[in-house]
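The chain contents come next:
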Amino acid sequence: MEFRLLGTVSVDTRTGPLPLGPAKRRSLLAALLLSANTPVPVARLTDSLWGEEPPPRARGVIQGHVSRLRALLTGAEAQAYGVELVTLGDAYVLRVPETLLDYQRFEELLMLARQQRSAADTVRMLDDALSLWQGPALGGTFTEGPLQAAAHTLEESRLATVEELARAYADLGEHHRAASVLRAEAVAHPMRESLAAALILALYRAGRQSEALDWFHRTRRLLADELGIDPGHELADAYALTLRGGPRPGAAPAGGTDAAGASRAGTGPAEGAGTTAPPGPRVPAAHNPSAAPHPTDLLPRAPRGFHGRNAELAALTRAAAGEAPVCLVTGPAGVGKTSLALQWAHHNPGAFPDGRLFADLRGFSETGEPALIDVLREFLLALGVAPRRVPESVSAAAALFRSLTDRRRLLVVLDNARDSATVRALLPGGTDCVTLVTSRNRLEGLIASDAARPVPLGILEPQDGTALLAGVLGEERILAEPVAARRLAELCGGLPLALRVTAARLAGRPQWTLAGLADELADERGRLTFLDVDDTGVSAALRLTVQQLPADAVRQLARLGHHPGGHFDPYTCAALAGTDPAAAAAALERLGSAHLVTETAPGRWVLHDLVRLYARGLDPASGAEALVDVLDHYIATALAAADTAEPGGEPCFVLPEGYRPAAVRDFADRAAAMHWLATERDDLARAAVAARGAGLHDRAWRIILLQWPQVVWRVRDSWAPLLELALDSARAKQDLYAESRVLNLLGWVLTEEGRTAEALTLLERSPGLAQQAGDRLGETTALINLAVVQAGQGELDRALEGCGRAVVLAREEEDRHTEMLALQHLARLQLSAHRPGDALGSARTALALGPEHEEAARRSLLLAVSGEARLALGEEDEGILLLDRAAEEAERAGYDEGAVRALEVLLRVSARAEYRTRHALALRRLTDGG
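Rules used throughout
Residues numbered from 1 in each chain as written. Predicted model: local features only at pLDDT ≥ 70, side-chain atom pairs only at ≥ 80, totals over all residues. Heavy atoms only, no water. Salt bridge = Lys/Arg side-chain N within 4 Å of Asp/Glu carboxyl O. Buried < 20%, exposed > 50% of the residue type's maximum accessible area, 1.4 Å probe, protein only. Helix = DSSP H or I, 4+ residues; strand = E, 2+ residues; numbered from the N terminus. Core = buried A, V, L, I, M, F, W, Y, C linked by side-chain atoms within 4.5 Å. Contact = heavy atoms within 4.5 Å. Pairing = 2+ DSSP bridges. Axes fitted to C-alpha atoms, helices over the stretch in contact; angles between N-to-C directions. Expected span 1.5 Å × (residues − 1). Bend = angle between axes of the 7 residues up to and from the residue.

## Quick look at the pattern of salt bridges
Reasoning step 1: Inspection of every chain in the model, using the stated rule, returns 53 salt bridges.
Reasoning step 2: Close ionic contact of Arg4 with Glu2 constitutes a salt bridge, the shortest N to O distance being 2.8 Å.
Reasoning step 3: Residue class for Glu2 comes out buried when judged on its relative accessible area of 8%.
Reasoning step 4: Among the ionic pairs, Glu813 bridges to Arg776, the shortest N-O distance being 2.6 Å. One end of the pair, Glu813, is in the loop between helix 38 (796-812) and helix 39 (816-832); the other, Arg776, is in helix 37 (residues 776-792), with 37 residues separating them in the sequence.
Reasoning step 5: Note on Arg776: relative accessible area 32%, which makes it partly exposed.
Reasoning step 6: Residues joined by salt bridges that share partners form a network here, namely Glu2, Arg4, Asp12, Arg105 and Glu444.

This is the structure:
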């Protein structure tokens, strides 16, 4: 929430500006904001709104406007920001944090600018202060009496700031820039002599003596005609200095440099000269001696084609020099915040010996933000926490994260943050840790609460934009048309995305001239300014590229806009566009050459957020059809993956009504299928969420349940929330078959997570639901899972009875795979009941059912049960042999949990060093996340 007086009086919220209504109400709000946190008597408000002639019912009118304002603020949840409009006797007070008032931030930036020792820092802060102005102060109000005086005071402060900015530019020797900022104000305020004098001096110092003299004579004539006065001393002195034509103030003597030039020389090459690396962040003297020798590194690769940004890189380095610094890179979409953060983060890995963490918080993504617990889980696993020891609540996980990072030197990069609260939960605890946050929002709450150091990122300067073009087109082509190249950079508004799209068009058309394309851009985007960095500028640049694409590529791009996931391959694209994978791959290549999609790995592509929004608008009517097509593609592919990963397994459902799959990839083996399920997990989850949001519940629960091989393989990998979504969708369809199947898997996951009471509640319902649905194999699985929980609760007799019933059902259905599963669990229960002979018999029967290629994890578990049974029967040598085989099969398959279990039993009966070494290695792999 933000209150604006520097322009039209308004209240901005996350959902847009509040509808304040008539000018009188805006005037009332302005009067309250100008005296924020101080009671304002009704008499003063009356004077502000009507002056000396208020209407008879002025008090009632004010009460009505106050009531409406209060309702508007309440509807915008203003209290969450500490904002409240209250009545105190015969007065009203608007309580609001000063950080939410634009004129207070303006004054604070002015104060900070005057404290800076560096002229460059002064310029940056004064620029930030002036950027808060969006028009004449108190716009949209009745500026009479007190409000008129307040508006005049604010305007005077703004003009004085412009003059200070010009002086700071002069200190840097940048007199052309000083003249540029002064000229606009001198035109708007032609009789303000201080502005005219400053402009004359700036023009003179920039070597534009004739313009300076012309401006003096224009001002002198205006003063004489309008006011009948002569120029004052300040204006006359400027004229005299210009007229003499002596050495320009601030000019460097021959063979030397002025102070500003020396300062610039010390900062390295000028911006745009290349990718000069910034100085590294502070490296504290103290270091945790117990840090791992191979620190974790979750950073994506360093950005390619990075140009300029030397000032921002240096500002990040300064911001990272404090205690437990939080560096905040802010700017509009597509301006390169992530690239800047990664460029800085990759420069000096030695400064962070304990590792570098990275999370994309997707705060501005259509796919939605990740759950905080998922981000914390990834961080904790990267820091060496065992999966089973990761807390389930956000507060506990955040506390553990702060504790683990308390004495480390770590970099944490939080990309695309939406709000301050999300970031706070992910801040490390150590004073030597550096947190680097990027956001499209200013996150002023983070500045207030955690002293975050903002590093605003604007559009690229023309020379940097030209360098970016050269990186794609080659230096020769830019040097052949340097003026046109600079003009192209300016027409693209300095936005990296627009620049890359334009360069892509030129790269594929060597016969085109830069000047010709610049003329085309000027015709269609003449209204683009340096502030056109939102959808308008990007849409214009994309439209120019899409117009040159063949029809099949345009159709492919339009359908990609409706893709619910973050990544896609030719098979997914074929499903979306109704083509075949070969045609989709060709279309992707065309889109990739135009920089509309990016290939992150062979055959794996991504779509930029802003391009996605543009693509969606190309064919908005096809969204529903495209979603169903891609959901059915995911169902078909996941079915193929599950069948390859578990070749003997029973399909976990019938296909949905109206199912229409496209071409599906082939999986060579179990490893390939499991890799696809792991890689696509996030996109499958997003597809399920999109299906549920569109009311396609029959697709939502199927997409989730089809991931069961990966769920079983990585059972403690936070599957419960996704399965709960599947359960909601199954219930929404009143599908007893689906509900039972989901309950089976969810109950088992909760059991493995140690949430046995919750698991028992769910699993007790599942067999009955399966029976009602006529799903006998589902009933079998439900009985097995329920038996596992009952055994854990000490109800061993009930567990044995239920598991025995499951074996009978599986045999009646002649399903060897499910029978083998039931026998495996029955054997484990019999072993727990001190019936090793029965356990050995059940395990032997199960192993006889399964062929040699049966899933390795199950064979490992059955061999381990057999080995433990042999030990219990006193047959130690045979037991050790079987347990050794169980561990070997688990190790070969990458089933670390099974290997740890078998080797733990072996270590209780054998002192062989080999078992101890293998156990340590398997345990390390398991605790490192596999």
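## Describing the nonpolar core
Reasoning step 1: Of all hydrophobic cores here, the largest spans 85 residues; its most connected members are Leu557, Leu560, Phe568, Leu591, Val597, Trp676 and Ile703.
Reasoning step 2: Considering every element that reaches this core, the biggest residue donor is helix 28 (residues 623-645), with 11 residues.
Reasoning step 3: In this structure, Leu557 is in contact with Val546, Leu591, Leu596, Leu607, Val611, Ala615 and Leu618, ignoring residues within four places of it in sequence.
Reasoning step 4: Leu28, Ala58, Ile62 and Ala119 belong to the second largest nonpolar core, which has 80 residues in total.

## Notes on the sheet that holds strand 8 (residues 356-360)
Reasoning step 1: Across the sheet, which stays open at both edges, the 5 strands sit in the order 8-9-10-7-11 with parallel pairing between neighbours. At either end of the open sheet lies a strand with only one pairing partner, and these are strand 8 and strand 11 (453-456). For this sheet, the mean angle separating the axes of adjacent strands, direction not counted, is 15°.

## Observations regarding the environment of Ala186
Reasoning step 1: If you trace the backbone, Ala186 turns up in helix 7 (residues 175-188).
Reasoning step 2: Apart from residues no more than four positions distant in its own chain, Ala186 is found in contact with Leu195, Leu199 and Trp215.

## Observations regarding the sheet that holds strand 1 (residues 2-4)
Reasoning step 1: The sheet built from 3 strands is open, its strands ordered 1-2-3 with antiparallel pairing. This sheet does not close on itself; its edge strands, each paired only once, are strand 1 and strand 3 (16-17).
Reasoning step 2: In terms of strand pairing, strand 1 meets strand 2 (residues 10-13) through 3 bridges, oriented antiparallel. When the sheet's bridge partners are listed, Arg4 is paired in strand 2 with Ser10.

## Some thoughts on helix 7
Side chains three or four residues apart in an α-helix point the same way, a direct result of the helix having 3.6 residues per turn.
Reasoning step 1: In a regular helix each residue adds 1.5 Å, so 14 residues correspond to 20 Å; helix 7 covers 20 Å between its end C-alpha atoms and thus fits that length.
Reasoning step 2: The sharpest bend along helix 7 reaches about 25° and sits at Leu182.
Reasoning step 3: Among all positions of helix 7, only His175, Ala178, Ala179, Leu182, Glu185 and Ala186 are buried.

Note that all results are geometric; they support no functional claim without further evidence.
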